[in-house]
Number of protein chains: 2
Amino acid sequence: MWQLYQFPLCPFSRKIRLLLAEKGEPFELVRESPWQRRDEFIDLNPAGQTPVLVEPQKGVTLIDSGAMAEYFEETIDKAPMIQGTAANRAEIRRLVAWFDDGLYRDVVAPLIEERMRKRLVSRDAPDTRVLRDAMRVANSHLDYLDYLLDHRRWLAGPALSLADLAAAAHLSVADYLGGLDWRGHKQTKDWYAVMKSRPSFRPLLGERMEVISPPAHYDKVDF
Amino acid sequence: MWQLYQFPLCPFSRKIRLLLAEKGEPFELVRESPWQRRDEFIDLNPAGQTPVLVEPQKGVTLIDSGAMAEYFEETIDKAPMIQGTAANRAEIRRLVAWFDDGLYRDVVAPLIEERMRKRLVSRDAPDTRVLRDAMRVANSHLDYLDYLLDHRRWLAGPALSLADLAAAAHLSVADYLGGLDWRGHKQTKDWYAVMKSRPSFRPLLGERMEVISPPAHYDKVDF
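Residues numbered from 1 in each chain as written. Chains lettered and ligands numbered in written order. Predicted model: local features only at pLDDT ≥ 70, side-chain atom pairs only at ≥ 80, totals over all residues. Heavy atoms only, no water.

### Some words on the interface of chain B and chain A
Of the residues lining the interface, 22 residues belong to chain B; the matching set on chain A comes to 22 residues. Together chain B and chain A conceal approximately 1,700 Å² of surface at their shared face, both sides included; 67% is due to carbon and sulfur atoms. Among the residues chain B hides against chain A, the three largest losses belong to Glu74, Arg93 and Arg94 of chain B. Together they make up 25% of the total. At the junction of chain B with chain A, the criterion picks out four salt bridges. A salt bridge links Arg93 of chain A to Glu74 of chain B; the nearest nitrogen and oxygen atoms lie 3.1 Å apart. Across the contact surface, chain B and chain A share four residue pairs in polar contact (both at pLDDT 80 or more). For the side of chain B that touches chain A, the secondary-structure elements that each account for two or more residues are β4 (60-63), α3 (65-75) and α4 (86-122) of chain B. (Contact = heavy atoms within 4.5 Å. Buried area = accessible area lost by both parts, 1.4 Å probe. Salt bridge = Lys/Arg side-chain N within 4 Å of Asp/Glu carboxyl O. Polar contact = N/O pair within 3.5 Å; in protein donor to acceptor, adjacent residues only side chain to side chain. Helix = DSSP H or I, 4+ residues; strand = E, 2+ residues; numbered from the N terminus.)

### Looking at the sheet that holds strand β3 (residues 52-55) of chain A
All names here are of chain A. Overall, mixed pairing links the four strands, which are arranged β2-β1-β3-β4 in an open sheet. Every other strand in the sheet has two partners, leaving β2 (27-31) and β4 (60-63) as the edge strands with one partner each. Between one strand axis and the next, the sheet turns through 20 degrees on average, direction left out of account. The strands that helix α1 (residues 11-23) touches are β1 (2-6), β2 and β3; relative to β1, the one it contacts most, it runs at about 155 degrees. (Pairing = 2+ DSSP bridges. Axes fitted to C-alpha atoms, helices over the stretch in contact; angles between N-to-C directions.)

### Side note on the UniProt feature "domain: GST C-terminal" (unreviewed entry) in chain A
UniProt records the feature "domain: GST C-terminal" (unreviewed entry) at residues 85-215 of chain A, using the numbering of this structure. Summarising residues 85-215 of chain A: 70% helix, 0% strand, and an end-to-end C-alpha distance of 40 Å. (UniProt positions renumbered as here; feature names shortened; annotations may be inferred.)

### Describing the relation of the copies chain B and chain A
Related by rotation about an axis and a shift along that axis, the two copies of the chain form a pair. Between chain B and chain A, which share one sequence, the superposing operator has a rotation angle of 180 degrees and an axial displacement of 0.0 Å; the RMSD is 0.0 Å. Such a combination of rotation and displacement between the chain copies is what one expects of a two-fold axis. Looking at the interface residues of chain B, 100% of them are also at the interface in chain A, so both copies use one shared face. (Least-squares fit on C-alpha atoms with pLDDT ≥ 70 in both.)

### Section: helix α5 (residues 128-151) of chain B
Residues and elements named next belong to chain B. In a regular helix each residue adds 1.5 Å, so 24 residues correspond to 34 Å; α5 covers 35 Å between its end C-alpha atoms and thus fits that length. Buried within α5 we find Leu131, Ala134, Val137, Ala138, His141, Leu142, Tyr144, Leu145, Asp146, Leu148 and Leu149. Buried residues belonging to α5 abut α4, α6 (162-176) and α7 (186-196). Backbone nitrogen of Arg129 and a side-chain oxygen of the N-cap are separated by 3.0 Å at the start of α5; the cap is Asp127. (Expected span 1.5 Å × (residues − 1). Buried < 20%, exposed > 50% of the residue type's maximum accessible area, 1.4 Å probe, protein only.)

### Some thoughts on the pairing of strand β2 (residues 27-31) of chain B
Residues and elements named next belong to chain B. By the bridge criterion, five bridges tie strand β1 (residues 2-6) to β2 in an arrangement that is parallel. Looking across to β2, one finds that Trp2 is bridged to Phe27. Considered for its hand, the β-α-β crossover made up of β1, helix α1 (residues 11-23) and β2 is right-handed. (Right-handed = clockwise from strand over helix to strand, strands pointing away.)

### Observations regarding unusual backbone geometry
Residue and element names in this part refer to chain A. The step from Thr50 to Pro51 runs through a cis peptide bond, and the omega angle for that step is 0 degrees. Relative to the elements of secondary structure, Pro51 occurs in the loop between α2 (39-44) and β3. Of note in this structure, Ala79 is not a glycine but carries a positive phi near 50 degrees. Within the secondary structure, Ala79 is located in the loop between α3 (65-75) and α4 (86-122). Positive phi, close to 55 degrees, is recorded for Arg123, a residue that is not glycine.

### Quick word on the packing of α3 of chain A against α4 of chain B
The geometry of α3 of chain A relative to α4 of chain B is characterised by a closest axis approach of 9 Å and an angle of 160 degrees between their N-to-C directions. Judged by the inter-axis angle, α3 of chain A sits roughly antiparallel to α4 of chain B. α3 of chain A and α4 of chain B meet at a crossing whose hand is right-handed. Contact with α3 of chain A, carried on its side by Ala67, Glu70, Tyr71, Glu74 and Thr75 of chain A, involves Ala86, Ala87, Arg89, Ala90, Arg93 and Arg94 of chain B of α4 of chain B and no other residues of that element. Residue composition of the contact of α3 of chain A with α4 of chain B, by class: five nonpolar, one polar and five charged. (Parallel < 35°, antiparallel > 145°, perpendicular 65-115°, else oblique. Left-handed = near helix turned anticlockwise from the far one by under 90°. Nonpolar A, V, L, I, M, F, W, Y, C, P; charged D, E, K, R; others polar.)

### Some thoughts on the domain arrangement of chain A
All names here are of chain A. Along its sequence, chain A is carved into domain 1 (2-75) and domain 2 (86-206). Each partner contributes to the interface: domain 1 provides 16 residues, whereas domain 2 provides 24 residues. In this structure, Lys15 and Asp100 form a salt bridge, with 2.5 Å as the shortest nitrogen-oxygen distance. Our count for the contact surface shared by domain 1 and domain 2 stands at five residue pairs in polar contact (both at pLDDT 80 or more). The set of elements that each furnish at least two residues to the side of domain 1 that touches domain 2 consists of α1 and α3. In terms of residues, the side of domain 1 that touches domain 2 owes the most to one element, α1, which gives nine residues. (Domains from an automatic or database assignment.)

### Some details on the sheet that holds β4 of chain B
Residue and element names in this part refer to chain B. Within the open sheet, the four strands sit side by side as β2-β1-β3-β4. Their pairing is mixed. What marks the edges here is a single partner per strand, and that holds for β2 and β4. The sheet shows a mean angle of 20 degrees between the axes of neighbouring strands, direction not considered. One ladder, built from four bridges, connects strand β3 (residues 52-55) with β4; its direction is antiparallel. Bridging across to β4, Val54 finds its partner in Thr61. Running at roughly 125 degrees to β4, α3 makes contact with β1, β3 and β4 of the sheet.

Spelled out as structure tokens, the structure:
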């Protein structure tokens, strides 16, 4: 079985957990705190980042959540998540990059740094200016999702895709860390309620990061 | 024909230029300076980044260099660059992410900021501490390439792949900006000499960014 090296608030690991669950591929979680830079983990992935997937029986190690998503898209027919024409597929991948690069860099990474890493590791106080900026940019990201959902059933088009899984993964971490204000974002809120109700999402929402509690609405489908 | 919005020292645009040239797909360059945040360009790509590819006849717009690479891999059979088993393909994509994320973030982006953007746009002096750090990390990236090439004919395995194009694109920008010291990296230097001699690479090496000159060895295959 696949072993997924991850920590509960890693958005890239969450994306892969959603993908594997949608595809019905079994996996078990291995807790890894990449900030500890454990020697055995650096040997496994010199980039030192989660997620890493290992299948000891097959002798396969997968690194980088983008490479993982393409691997399972190529090897498992069930629940295709990069579908349609080449142009449709490019649009799905554009949005995944938008979330994995932009939303992560502008919103999720600063929230993780200020509200998780500083609390768990360096024990510094969070920088309220950085948090305020991240939450302001989060709002403009939610505006962009509202705009997409005004024109489309799902984020990248008529079908559920990897873009929805990536967006939900990042937003769920931002929401856990209290970084999202859902008021005024009805389209995205309705879409996220549907994502939260999927069986693939339930295990994520039930999990807790040590010391840090999410807001009360975090795991509620009706929020 | 494809129109590629780019500027001469954009490593992601260089990767796509190499890919299109290897595949024999014609394109024309459109100069774009993303730091100017031109309204028409932001309309084209809300992320505001190069490269963007537009094919007016087909009505196709491609955004994000990863999505572009997959698109051309799917639509053009010539010169496949993501080949082999699913595990081989995952290794190619892992290395592309290594260069596009890690090498870019640690080395290429700080060099562009200090030696290009500050000179052309904000007219500040470069921060020598940042430059020294970038060049130190560049050296450890070259060590990693040496290690890969000790075990493999090309970076990701027995065949030329997108990983080679991505690495060469990033290193060429770092080299233009004087950020690489090739001494002690014979394996990578030999590989890069072969990359430089490819017809796909020659147009890149002949091009100049306004105001900024590369070191004398930059465009020489024998360097």
